[in-house]
Amino acid sequence: MKSRLVLLASLLVIAVPAHAADEAGAMKLLEDSKCTKCHSVDKKKDGPSFKETAAKYKGKADAEAKLTKHLTVPSKVKIDGVEEDHGAVKTRDEAKIKNLVQWILSR
Amino acid sequence: MQIGWLARFWATLRKPYVKYSLLTVGSFFFVAGVVFWGGFNTGLEATNTMSFCTGCHEMRDNVYQEYKKTIHYSNRTGVRASCSDCHVPKDWTHKMVRKIQASKEVWGKITGVIDTPEKFEAHRYTMATREWARMLATDSIECRNCHTLEAMSSTLQTEKAQRRHAKAKAENLTCIECHFGIAHKEPVGPDGPTELKAKLLSKK
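Okay, so let's go over this structure. (Residues numbered from 1 in each chain as written. Chains lettered and ligands numbered in written order. Predicted model: local features only at pLDDT ≥ 70, side-chain atom pairs only at ≥ 80, totals over all residues. Heavy atoms only, no water.)

## Section: the overall build of chain A
For clarity, the threshold we go by: Helix and strand assignments come from DSSP, with helices taken as H or I runs of at least 4 residues and strands as E runs of at least 2, each series counted from the N terminus. In this scheme, a residue with accessible area under 20% of its type's maximum is buried, one over 50% is exposed, and one in between is partly exposed, where area comes from a 1.4 Å probe on protein chains only. Residue contacts are defined here by distance: any two heavy atoms, one from each residue, within 4.5 Å place the two residues in contact. Computed with the Shrake-Rupley method and a 1.4 Å probe, the accessible areas treat only the protein chains shown as cover for residues.
When its secondary structure is counted, chain A shows five helices and two strands. Counting from the amino terminus, helix and strand elements in chain A follow one another as α-α-α-α-β-β-α. Taken over 107 residues, chain A has a buried fraction of 29%. In chain A, the proportion of contacts linking residues at least 24 apart, taken out of those at least 6 apart, comes to 53%. Accessible surface, chain A: about 7,400 Å² in total, of which carbon and sulfur atoms supply 60%.

Take a look at the structure:
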């Protein structure tokens with residue numbers, strides 16, 4: 001019985017990090033930064049969906065670093081063959097950015 | 001017995017009316033018609049108000065709260081698009097079609113399809129795709145209650161927006177294909193308007 005409880009407890013501890021990303025916080029930052037104008041979670045818009053992004057970075061060690069850079073440093077992206085400015089998230093709170101990056105990568 | 005009563009009633013209906021003049025009878029029905037039509041339209045208009053839509057908790061606690069944070073609710077010019085401005089066409093024929101479809105929503109209310117937040121979330125994707133499909137089919141008729149490509153001043157739009165709208169014109173895109181999930185939470189699900197359109201076209 002006791003060993004079962006220990007097993008259950010350890011399973012819970014392992015299970016928690018997988019859902020660690022705070023979805024409401026991530027969505028709020030996405031909306032405040034107007035990301036959702038071009039990106040959807042799973043549907044086609046001008047920018048790739050977060051599902052596509054997650055698939056692209058899947059299994060890559062530098063995924064978090066690369067995506068963090070893309071989300072925080074303004075850059076240029078090509079849409080319909082025309083170069084456009086890609087903005088940055090409207091926060092300097094590193095915890096919020098980290099949460100968003102992890103949330104996107106876990107789609 | 002029953003038949004006899006009906007037959008008498010029918011006979012009365014068929015009999016020419018002799019007590020009042022044609023003018024009196026005509027005037028009576030003219031006024032009655034005006035009162036009926038006015039009442040019907042007033043009733044119909046009442047179902048188009050925001051207070052009517054948010055009279056039920058299904059709308060008030062879910063979609064209404066989301067919409068209250070968006071530009072269609074509050075903006076610098078103070079023009080508000082209420083529920084019916086985006087969900088009911090303005091012209092009479094299309095409005096009647098939509099109102100008849102909406103009677104199914106009354107059935108949904110009675111049977112409680114979305115009467116808890118959990119049920120609403122579970123049903124959100126179905127409801128959203130229904131709205132998207134409808135707007136794809138009607139060339140976003142409700143958006144065009146207020147917005148038209150022709151009336152857009154290109155100089156007042158950003159370069160990005162100008163390029164997008166030029167593309168919309170060239171490729172015959174309709175509003176909802178890009179502007180979805182703008183007043184309510186975007187549901188999780190495989191198809192957005194672009195995917196839906198591709199499916200509808202492949203079926204034809």
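## Observations concerning helix α4 (residues 63-72) of chain A
Helical periodicity: at 3.6 residues per turn, an α-helix aligns residues three or four positions apart in one direction. Residues and elements named next belong to chain A. As a reminder, the rule being used: The arc in question is traced by the directions running from the helix axis to the C-beta atoms.
Where α4 is concerned, the buried positions are Ala63, Leu67 and Leu71. Taken end-on, α4 shows its buried residues confined to a sector of 55 degrees, consistent with a single buried face. In α4, those exposed residues whose orientation departs by more than 90 degrees from the buried face are Ala65 and Lys69. Contact partners of the buried residues in α4: α3 (50-57) and α5 (94-105).

## Notes on the environment of asparagine 145 of chain B
All names here are of chain B. Inclusion rule: What qualifies as a polar contact is a pair of N or O atoms within 3.5 Å, subject to a donor-acceptor requirement within protein and to the restriction that residues adjacent in sequence count only when both atoms come from side chains.
With respect to the secondary-structure elements, asparagine 145 resides in the loop between α7 (117-137) and α8 (159-170). Dropping the residues within four chain positions of it, asparagine 145 is found in contact with Asp85, Val88, Pro89 and Lys90. Within the structure, the side chain of asparagine 145 is placed 3.4 Å from the backbone nitrogen of lysine 90, a separation counted as a polar contact.

## Regarding the packing of helix α4 (residues 57-67) of chain B against α7 of chain B
Residues and elements named next belong to chain B. Stated formally: Axis geometry follows a simple rule: fit a line to the C-alpha atoms, using only the stretch in contact for helices, then measure angles between N-to-C directions, giving values from 0 to 180 degrees. Orientation categories follow fixed angle ranges, with anything under 35 degrees roughly parallel, anything over 145 roughly antiparallel, 65 to 115 roughly perpendicular, and all other angles oblique. The handedness criterion is simple: a crossing whose near helix is rotated anticlockwise from the far helix by less than a right angle is left-handed, and one whose near helix is rotated clockwise is right-handed.
Contact pair α4 / α7: the axes reach a minimum separation of 10 Å and the direction vectors enclose 55 degrees. As far as their axial angle goes, α7 and α4 are oblique. Our pair here, α4 against α7, has a crossing hand that is right-handed. Residues Glu58, Met59, Asn62, Val63 and Glu66 of α4 pack against Pro117, Phe120 and Arg124 of α7.

## Details of the interface of chain A and chain B
The following threshold applies: Defined here as a combined quantity, buried area equals the accessible surface (1.4 Å probe) lost by two parts on assembly, summed across both. The rule for a salt bridge is simple: a side-chain nitrogen of Lys or Arg has to be within 4 Å of a carboxyl oxygen of Asp or Glu.
Residue-level contacts link 14 residues of chain A with 17 residues of chain B. Taking both sides of the interface into account, the surface hidden between chain A and chain B amounts to around 1,200 Å²; carbon and sulfur atoms contribute 43%. Contact with chain B buries surface across chain A, with Lys43, Lys44 and Glu84 of chain A losing the most and accounting together for 46% of the total. For the interface between chain A and chain B, the tally reads six salt bridges.

## Focus: the pairing of strand β1 (residues 75-79) of chain A
Residue and element names in this part refer to chain A. We apply this condition: Only when DSSP finds a minimum of two bridges between them are two strands counted as paired.
Across five bridges, the pairing between β1 and strand β2 (residues 82-86) is antiparallel. Its bridge partner being in β2, isoleucine 79 is matched across the sheet by valine 82. Hairpin geometry of β1 and β2 is characterised by an intervening segment of two residues between the two adjacent antiparallel strands and by a positive phi of about 55 degrees at aspartate 80.

## Some remarks on the nonpolar core
Quick note on the threshold: Only buried residues count toward a nonpolar core, which is a set of Ala, Val, Leu, Ile, Met, Phe, Trp, Tyr and Cys residues joined through side-chain atoms within 4.5 Å.
Of all hydrophobic cores here, the largest spans 16 residues; its most connected members are Leu71, Leu100, Trp103 and Ile104 of chain A. At the level of secondary structure, the elements contributing two or more residues to this core comprise α2 (23-32), α3, α4 and α5 of chain A. Counting residues per element, this core draws most heavily on α5 of chain A, which supplies five residues. Ignoring anything within four residues of it in the chain, the contact list for tryptophan 103 of chain A reads Ala21, Glu23, Ala26, Met27, Leu30, Val41 and Phe50 of chain A. Met135, Leu136, Ile176 and Phe180 of chain B belong to the second largest nonpolar core, which has seven residues in total.

All we've got here are geometric facts, nothing functional implied.
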